[in-house]
Amino acid sequence: MSDRTARPEGANGNGAELIGQIAASIRRERERSGVSMAELARRAGIAKSTLSQLESGAGNPSVETLWALGVALNVPFSRLVDPPRPTVKVLRAGEGPVTHSEQANYAATALSSCPPNARRDIYRIEAQPGETRASEPHMPGTVEHVMIGSGRALVGPSEAPVELGPGDYISYPGDAPHVFRALAADTLAVIVMEHI
């Protein structure tokens, strides 16, 4: 795995705020797990200098880097990007922490992270035709549920993705390689990640 960068954005396009939040989350989760910076970097397949920059708020992580760190820390991706929110939560279209893929025109917005004792995260996906967003396996036991809101996409296990349209739903193992490829402009989807 190589070092990667992207353009995280906060609810109001404030990337600095989200980067600071991600930095604090990575540091908190690394310390909670009791691993050194060098060991976490090794597990995630990134350079120690990159991890140091991320923890200091000087880095700009891509969705791929955050997934790799989440897997290495055995925590959901959302725990690294989604701040605590009030009990009643409303996110309008265009709000929420957004991370972008370097592989494809694909943006994931964390809508809801796992509260204590829950085992799921919810994301809104916005994607454009072009490169496929290939995902490495997530934590063991992860299942992804995807429903297309508009557009069309090729979604599912890397070896057998399925073409989906508006209203179509698929679930598949998230702990194996999987893909999401928009086949129509302005494809929107909701992904629920279930952590067993």
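Since the structure is predicted, the reported quantities are computational estimates derived from the model, not experimental observations.

## Topic: the confidence of the model for the protein chain
Thinking step 1. When pLDDT is averaged along the protein chain, the result is 84, and 85% of the positions lie at 70 or above.
Thinking step 2. Ranking the elements of the protein chain by mean pLDDT puts strand β2 (residues 106–112) last, at 80, and strand β9 (residues 178–182) first, at 96.
Thinking step 3. Every residue in residues 1–13 is under pLDDT 50, and counting partners more than four places away or in other chains gives 51 contacts.

## Focus on unusual backbone geometry
Thinking step 1. Here Asn-74, not a glycine, exhibits a phi torsion of approximately 60 degrees, which is positive.
Thinking step 2. Tracing the backbone shows Asn-74 in the loop between α4 (63–73) and α5 (78–81).
Thinking step 3. Residue classification places Asn-74 among the exposed residues on the basis of a relative accessible area of 52%.
Thinking step 4. Phi angles above zero are rare outside glycine, and Asp-186 is one such case at about 55 degrees.
Thinking step 5. Along the chain, Asp-186 falls in the loop between β9 and β10 (187–194).

## So, helix α3 (residues 48–56)
Thinking step 1. Buried within α3 are the following residues: Thr-50, Leu-51, Leu-54 and Glu-55. Down the axis, α3 shows its buried residues gathered within 135 degrees of arc, on one side only.
Thinking step 2. Just beyond α3, the residue with positive phi is Gly-57, at close to 85 degrees.

Rules and cut-offs
- Counting restarts for each chain: residues are numbered from 1 in the order of the written sequence.
- Note on the predicted model: pLDDT of at least 70 is required for a residue's local features to be given, and 80 or more for side-chain atom pairs to be given and counted; whole-chain, interface and lining totals, by contrast, use all residues.
- Remark: hydrogens and water are excluded; side-chain values derive from all non-hydrogen atoms of the structure.
- Along the chain, pLDDT gives the predictor's confidence residue by residue, from 0 to 100.
- Helix and strand labels come from DSSP, where a helix needs a run of H or I of at least four residues and a strand needs a run of E of at least two; each type is numbered from the N terminus.
- Should any heavy atoms of two residues lie within 4.5 Å, those residues are considered in contact.
- Only protein chains enter the accessibility calculation, which uses a 1.4 Å probe; a residue whose area is less than 20% of its type maximum is buried, one above 50% is exposed, and one in between is partly exposed.
- The directions from the helix axis to the C-beta atoms are what the arc is built from.

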